[in-house]
2 protein chains.
Amino acid sequence: KMREITRRQPGFLQKNNSLDEKSRMVGAFKESAKNQMCDNSERFMRAETDFSNLFARDLLPAKNGEEPTIQFLLEVVEILTNYVRKTFDRSTKVLDFHHPHQLLEGMEGFNLELSDQPESLEQILVDCRDTLKYGVRTGHPRFFNQLSSGLDIIGLAGEWLTSTANTNMFTYEIAPVFVLMEQLTLKKMREIIGWPNGDGDALFSPGGAISNMYSVMVARYKYFPEVKTKGMSAAPRLVLFTSEHSHYSIKKAGAVLGFGKENVILLKTDERGRVIPADLEAKIIDAKQKGYVPLFVNATAGTTVYGAFDPINDIADICEKYNLWLHVDGAWGGGLLMSRKHRHKLNGIERANSVTWNPHKMMGVPLQCSAILVREKGILQGCNSMCAGYLFQPDKQYDVTYDTGDKAIQCGRHVDIFKFWLMWKAKGTIGFEQHIDRCLELSEYLYNKIKNREGYEMVFEGQPQHTNVCFWYIPPSLRSMPHGDERREKLHRVAPKIKAMMMECGTTMVGYQPQGDKVNFFRMVVSNHAVTKSDIDFLINEIERLGHDL
Amino acid sequence: KMREITRRQPGFLQKNNSLDEKSRMVGAFKESAKNQMCDNSERFMRAETDFSNLFARDLLPAKNGEEPTIQFLLEVVEILTNYVRKTFDRSTKVLDFHHPHQLLEGMEGFNLELSDQPESLEQILVDCRDTLKYGVRTGHPRFFNQLSSGLDIIGLAGEWLTSTANTNMFTYEIAPVFVLMEQLTLKKMREIIGWPNGDGDALFSPGGAISNMYSVMVARYKYFPEVKTKGMSAAPRLVLFTSEHSHYSIKKAGAVLGFGKENVILLKTDERGRVIPADLEAKIIDAKQKGYVPLFVNATAGTTVYGAFDPINDIADICEKYNLWLHVDGAWGGGLLMSRKHRHKLNGIERANSVTWNPHKMMGVPLQCSAILVREKGILQGCNSMCAGYLFQPDKQYDVTYDTGDKAIQCGRHVDIFKFWLMWKAKGTIGFEQHIDRCLELSEYLYNKIKNREGYEMVFEGQPQHTNVCFWYIPPSLRSMPHGDERREKLHRVAPKIKAMMMECGTTMVGYQPQGDKVNFFRMVVSNHAVTKSDIDFLINEIERLGHDL
């Protein structure tokens, strides 16, 4: 029985961190009652502090370490809040580019080398400033380089709290709140996918590639459970199917898990990067004729480069016909499920056996936050459990089905849930929907702006399905050149040159790559809620400014 | 060419975030010069703010969002700094235990459910407080439950910065400073292992289980590179060796990678939990006679339960004789390499082909921070590369050998290096050594205190090699009971009962488990630098107080 002291705090009620009667009897807590009456309400005061004579050893748990600890953390917070402010300030640069050798040589006293002796906290604070100074502002409204971008303030606060709590997801015992938050949030995600009652299972994993790897593992366990014990030699030659445009992690999973990457069969896509279902069926039949056993099909919801959505329903029909596992890699496109306007692009996802969905991409959650969701309950546990006695004791006082560690391929698992849960609380489902719709509108704006603009060619025709807008910028010198190898070679070098200049100027960043027989082109994406139309305009102006004389 | 403005800041020089001439010509940065002259030196002021009418949408990048953003973050920081202060305060509890159903029902307004509509920032702040309140203080001086414990202030500051920078390790392009820090730190770790010039390769991975999985993958690639392309059917029946006391992740890797867990052969240990080398050799010979191909041996440096160090040199001799890959799992014991007094326990580690070493365990670095280190350069790349064109363009303007993404099985990879690098800067190598030596001294103190104390039995004889002290507490009612099944059954229930009471009281936490034919015993470990002898005394008093009447 707990004795509880309830006490008013500004604006809300809070239960106190009280001690039970038994503990009091030990007599080790003489001061606790006194402390409990006042410590919560103490507010910090920032004071000018000379950090040049302070060292890590002077901080907590050192005797009298409390004041320097608070002052040091507040100084760090000042550095961070200044960084946050500048991140959203368009008059600052996206990055201050230097080559590796320049940073390694030491920039104005920023020395990366580690030494035997400690450095003062003053130097540590300088190191923090320099680390941010020479980094890349991935939250800047003109950073378009990656599928993950933006700096969500609620998510950031969530990450600060997560690192302060410094715990691990493997048991309810040491992460009770986070384990429950994960469970509730994953159930909500399964409901949104459309699985009945949100049933099934799921985990947050360290990124989409690992989530995709889980899907292949679970599929193998479903059809050939003996592989867990006996290895791949207990199964026939198994083949996996995924499109030419899909993420390389499916092939990587094939290599890692012992299938072999040549048994990951690439499917043809249409000109928009979507799987051609007839090609899937033809290749299944072909594999069976060769005596191989088709196991698994990956349908991508939002490809990395084109942002294409494979036709899930058509693929699901084929999977049902041939009894194959259907995985949907929605790492990038899964976020569109939050939008009533755009979720039709994932129609059929409720028929998938497993889904990868990375809130750290389109939903703007800080890195890392990737979920692997599985329709069949218990299969993650069956696939991965090893029942380590030292960690998962069956004789605990609480319901140990809440211990998640044995479902994972990791032992320790980082707390990725809290920032996402907190953002969901703060924005509501509706807030994510608005974010998604807004990003899609901005890319539509870009598409409409350049589709007929002089000097631009679209990589594929028609309005993009996701925020990916893929295009070539053709400098004036190439515009009248006849199509052919020379033009191709020259055009191939345009995007890298413009990108290099962008980075050296530090004004903006956008990705480029070749794809199949197409030479280097820009891939523009929007996932940052700080982006406005003016930033899209800026990007186009910048490409033209830097590329005009190429 | 950059134009640089150098300007004095209190205590150090800082180069300004200036813009290049070309950018100025666009005219988009009219205000930049003015801003650059003053924004760095603005200091935050905390102001009483009414958060009940503020929402996530009012924060940056919202118009006029700067002030609410800073005030909200400062309010969060106050919650966090209060938590930090209490973490080190022995008059507070380690945890405030509740069962899952209690937390799910909602504790005094702490509602875990997600909703469609946003909540006010006031509610978000309450949620932050409640999340910490119902969690477990893993940094508390009386939290002994896990190999990872403690709350290092420098490490914490490092994590706050890492999440503010919110980037990804896959390319130098978007994480230039972190990529270089990782490279330098991993080289230093390889030097400490004793590989010539610190040559080789390495990565931070999401935990020791994944690091161990990398070691098996790389071994397979070294001896049977065709498996990457053709799958496990291209190799003979391969077997892996690891001890009965080793971490379950080796077996898990066997299952995941397609070897099958029955091909992970468990080696016998002596009464202290150390591998018996003769048993390894006998089992290699036996496997070969059966026609299997021995591939890989794991030697554990610091087992999870006993803290035992396998005799690496003896095992290395056998690996050389039979041409096997030698991996050392130093997830827990690797930290002892930092101590001149204790590193002899890992003698022979320089002969390993690969090493797992988790700074987030014995070195007190916040979760997660685990390294997989490999002696042969280039083999991680060979094993894992898939050459995705959209991410790893060969035609970048910088030296792309700094892009690390294609060496990993992940695509995106969390920044785990910065907190560790910053701690190393702040403590020096010598600071880690002092930390290790101190933790070992404390466990020696515990061992000496209980080895002859009434009511205690040690699980194994002699001074432990690591900080693990394994013991039974025998309540008075069992002390005169004859050894036999009844006593065993009763003793098996003692540790779980005491642990449950500890958690309900919230006064301390320590782990227990059975091992082989040994019934449940306590495993005490020390890795938290806040622990003192008085905390060890407290634990023993608490066990006796709670267990006396069992």
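Residues numbered from 1 in each chain as written. Chains lettered and ligands numbered in written order. Predicted model: local features only at pLDDT ≥ 70, side-chain atom pairs only at ≥ 80, totals over all residues. Heavy atoms only, no water.

### With respect to helix H10 (residues 249-256) of chain B
All names here are of chain B.
Inference 1: Burial analysis of H10 places 7 of its 8 residues in the buried class, the great majority of the element.
Inference 2: For H10, every residue scored as buried is listed here: Ser-249, Ile-250, Lys-252, Ala-253, Gly-254, Ala-255 and Val-256.
Inference 3: Just beyond H10, the residue with positive phi is Gly-258, at close to 95°. (Buried < 20%, exposed > 50% of the residue type's maximum accessible area, 1.4 Å probe, protein only. Helix = DSSP H or I, 4+ residues; strand = E, 2+ residues; numbered from the N terminus.)

### Describing the sheet that holds strand S14 (residues 518-524) of chain B
Strands belonging to one sheet form pairs held by backbone hydrogen bonds; the direction of such a pair is parallel or antiparallel.
Residues and elements named next belong to chain B.
Inference 1: The strand order S3-S13-S14-S12-S11 describes an open sheet built from 5 strands, whose pairing is mixed. Edge positions in the open sheet fall to strand S3 (143-144) and strand S11 (456-458), since each of these has one partner strand only.
Inference 2: Taken together, the 4 bridges between strand S13 (residues 509-515) and S14 define a ladder with antiparallel strand orientation. Within S14, the residue paired with Tyr-512 across the bridge is Phe-522.
Inference 3: Each of S11, strand S12 (469-473) and S14 touches helix H14 (residues 417-450); the most contacted strand, S12, lies at about 30° to it. (Pairing = 2+ DSSP bridges. Contact = heavy atoms within 4.5 Å. Axes fitted to C-alpha atoms, helices over the stretch in contact; angles between N-to-C directions.)

### Some words on the UniProt feature "modified residue: N6-(pyridoxal phosphate)lysine" (unreviewed entry) in chain A
All names here are of chain A.
Inference 1: Sites flagged by UniProt as "modified residue: N6-(pyridoxal phosphate)lysine" (unreviewed entry) map to Lys-361.
Inference 2: Mapped onto the elements of the fold, Lys-361 is located in the loop between strand S9 (354-357) and strand S10 (370-374).
Inference 3: With a relative accessible area of 16%, Lys-361 lands in the buried category. (UniProt positions renumbered as here; feature names shortened; annotations may be inferred.)

### Remarks on the side chain of Asn-384 of chain A
Inference 1: Tracing the sequence through the fold places Asn-384 of chain A in helix H13 (residues 379-384).
Inference 2: Not counting chain neighbours up to four residues away, the residues in contact with Asn-384 of chain A comprise Tyr-214, Met-217, Lys-228, Asp-406, Lys-407, Ala-408 and Ile-409 of chain A together with Lys-252 of chain B.

### Some words on the relation of the copies chain B and chain A
One copy of the chain maps onto the second through a rotation about an axis and a displacement along it.
Inference 1: Mapping chain B onto chain A is achieved by rotating through 180° and translating by 0.0 Å along the same axis, at an RMSD of 0.0 Å. On this basis, the relationship between the two copies can be described by a two-fold rotation axis. Within chain B, the C-alpha atom positioned nearest to the axis of rotation is that of Leu-257 of chain B, 2.1 Å from it.
Inference 2: Looking at chain B, 100% of its interface residues are interface residues in chain A too, so the copies touch through the same face. (Least-squares fit on C-alpha atoms with pLDDT ≥ 70 in both.)

### Overview of the pairing of strand S7 (residues 293-300) of chain B
Every other side chain in a regular strand lies on the same face of the sheet, so the side chains alternate between the two faces.
All names here are of chain B.
Inference 1: For S7, the tally of buried residues reaches 7 of 8 residues, placing the bulk of the element in the interior.
Inference 2: In this sheet, S7 lies alongside strand S5 (residues 238-243) in parallel orientation, the contact comprising 4 bridges. Paired with Phe-241 across the bridge in S7 is Val-297.
Inference 3: For S7 and strand S8 (residues 325-330), the ladder comprises 5 bridges, and the chain directions are parallel. Along S8, the bridge assignment pairs Phe-296 with Trp-325.
Inference 4: Since S7 and S8 lie parallel, the crossover through helix H12 (residues 312-322) that links them has a hand, and here it is right-handed. (Right-handed = clockwise from strand over helix to strand, strands pointing away.)

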